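Residue-level listing of the chains:
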Amino acid sequence: MTSSLRAAITARVDRGEFPGVVALVARGDDVTVHTVGVTRFGGDVPMRRDTPFRIASMTKPVLAAAALMLAEDDRIDLEEPIAKVLPELAAPRVLRRLDGPLDDTVEAVRPITVADLLTFTCGFGQVMDGDRFDPPFPIVDAWRDLGLIMSDPYPRNQHDPDEWIRRLGTLPLMRQPGETWMYNAGTLVLGVLLARAADQPLDELLHERVLAPLGMTGTAFWLPAERAAELPAYYMSAGDERRDSGPDLWSTPPIFPSGSGGLISTADDYLAFGRLLLSGGVAGGTRLLSEQSVAAMTRNHLTPAQIEGAGSLLGGEGWGYGMCVTATGRYGWSGGFGTDWFNDPAEDLTVILLSQVSDLLWNGALQEFSRLAYAAD
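Because the structure is predicted, anything quoted here is derived from the model rather than measured. (Residues numbered from 1 in each chain as written. Predicted model: local features only at pLDDT ≥ 70, side-chain atom pairs only at ≥ 80, totals over all residues. Heavy atoms only, no water.)

Colleague: Looking at this model, I keep getting lost on the overall build of the chain. Mind explaining?
Modeller: Scanning the chain from N- to C-terminus turns up 13 helices and 15 strands. Taken over C-alpha atoms, the radius of gyration comes to 20 Å for the chain, in line with the 21 Å a tight globule of 377 residues would show. Looking at the chain as a whole, 55% of its 377 residues are labelled buried. Of the contacts formed within the chain by residues at least 6 apart in sequence, a portion of 69% connects residues at least 24 apart. Carbon and sulfur atoms make up 50% of the accessible area of the chain, which amounts to about 15,300 Å² in all. Positive and negative charge centroids in the chain, built from 31 and 50 side chains respectively, lie 2 Å apart. (Helix = DSSP H or I, 4+ residues; strand = E, 2+ residues; numbered from the N terminus. Rg over C-alpha atoms; globule rule 2.2 N^0.38 Å. Buried < 20%, exposed > 50% of the residue type's maximum accessible area, 1.4 Å probe, protein only. Contact = heavy atoms within 4.5 Å. Areas by Shrake-Rupley, 256 points an atom, 1.4 Å probe, with all protein chains shown as cover. Lys, Arg positive; Asp, Glu negative; His and termini not counted. Charge placed at Lys NZ, Arg CZ, Asp CG, Glu CD.)

Here it is as structure tokens:
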């Protein structure tokens, strides 16, 4: 019998909201995968279980796991100032007003720590002004003029990590360290920090510590040309195709591997990551993360005021390390290209929803699909 989730996905595909969707629901060892539709509007290539997707901000939890692994190895300390590894960001100044001139600053009350990067309280990030994201404040214009891609998963950053962090270090912070939750910049900086701490490029670090041990063979910052050609077309909304994020872009190694949104992955690959956290850090009988590290990743670290200040991006929920955390213990995060993942430990449940239509996050489909994933087939 067709499940209610599959029926709901099929209905939205039939209405033209998506060309296709891959949905995975796992309870323990019981895994169901729904592949519906095709990879582009008007196309004839069917969605498959192993179709690769740009997962954008679902990269952040993977990066956070790598950070905790390095912390367990004493390569980094979450409470230490990041200037120990990133001297470019030592002794930052802080804007007196978010919309003020760049030279109207005060001293930082304390250094930025590695934990600040993981919790997005490092003092720099996406600017929300009412309903506007990244309005033309002087600080926003400045990072754009410097070519620092702060908010979007594409176009790719054209500065290598050392040059990117040098340019960032010329700017004041937007808020005091530890004060306000601000999205995205923290994991961009964290990716540079982890690569330096491990003395290896970020793509090699993630492969060695997370992807290879979990068997995530289809997850990377770029793919061979024949595999990149299998990426679904990307749309902001139905019919609004964005061709500047096509296979050509994803078949070459990036100059700046983005720890905030640079990975490509598949449903089963990301399930392996989700199961690592549900198991308390064990995969295939091997411990990759301590239970304490997994608990730190998946519990809220924000104050009520910080949650309220995050606005619609968190919707009143908390934030752990690299992911959203709800009051009921469910945790996960979405990707701006139209993807979503969450674990619900109380239900031993992992749900992964993969499209390449950003409107998945805003048109009600995400909420509907997530709710139906709890229903038994």
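Moving on, there is more to tell.
Colleague: Would you mind showing me how to read helix H6 (residues 185-198) here?
Modeller: Note that an α-helix has 3.6 residues per turn; residues three or four places apart therefore point the same way. Look at H6: 20 Å from first C-alpha to last across 14 residues, which is about the 20 Å you get at 1.5 Å a residue. Taken across its 14 residues, H6 has 13 buried, putting it largely inside the fold. Looking one or two places after H6, you find Asp-199, whose phi comes out positive at around 55°. (Expected span 1.5 Å × (residues − 1).)

Colleague: Help me understand the sheet that holds strand S1 (residues 20-27) in this model?
Modeller: Sheets are built from strands that pair by backbone hydrogen bonding, the pairs being arranged parallel or antiparallel. The strand order S2-S1-S15-S14-S13-S12-S11 describes an open sheet built from seven strands, whose pairing is antiparallel. The strands lining the two open edges of the sheet, one partner per strand, are strand S2 (30-37) and strand S11 (318-319). Alignment of strand S13 (residues 331-335) against strand S14 (residues 339-344), held across five bridges, turns out to be antiparallel. Paired with Gly-335 across the bridge in S14 is Thr-339. (Pairing = 2+ DSSP bridges.)

Colleague: Would you mind showing me how to read helix H2 (residues 59-72) here?
Modeller: With 14 residues, H2 extends 20 Å between its outermost C-alpha atoms, agreeing within 8% with the 20 Å of an ideal straight helix rising 1.5 Å per residue. Of all 14 residues that make up H2, 13 are buried, and the element is covered over most of its length. Remark: Asp-74 follows H2 within two positions and exhibits a positive phi of approximately 60°.

Colleague: Any chance you could explain the packing of aromatic side chains here in plain terms?
Modeller: For any pair of aromatic rings, the description consists of the separation of the ring centres together with the inter-plane angle of the planes. Evaluation of the coordinates by the stated rule reveals 17 aromatic pairs. A ring pair is formed by Tyr-234 and Phe-337, whose centres lie 4.6 Å apart and whose planes are at 90°; its orientation type is edge-to-face. Of this pair, Tyr-234 sits in the loop between helix H8 (225-228) and helix H9 (247-250) while Phe-337 is found in the loop between S13 and S14, placing the two residues 103 residues apart along the sequence. When its relative accessible area of 4% is taken as the criterion, Tyr-234 is described as buried. Pairing Trp-250 with Phe-337 gives two aromatic rings, centres 6.4 Å apart and planes at 75°, and the pair type is edge-to-face. Of this pair, Trp-250 sits in helix H9 while Phe-337 sits in the loop between S13 and S14; the two residues are 87 residues apart in sequence, bridging distant segments of the chain. Assessed through its relative accessible area of 2%, Trp-250 is described here as buried. Judged by its relative accessible area of 0%, Phe-337 falls in the buried class. Over the ring of Phe-337 we find Arg-54; its NZ or CZ atom is 5.9 Å from the centre of that ring. (Phe/Tyr/Trp six-rings, centres within 6.5 Å; stacked < 30°, edge-to-face > 60°. Lys NZ or Arg CZ within 6 Å of the ring centre and 35° of its normal.)

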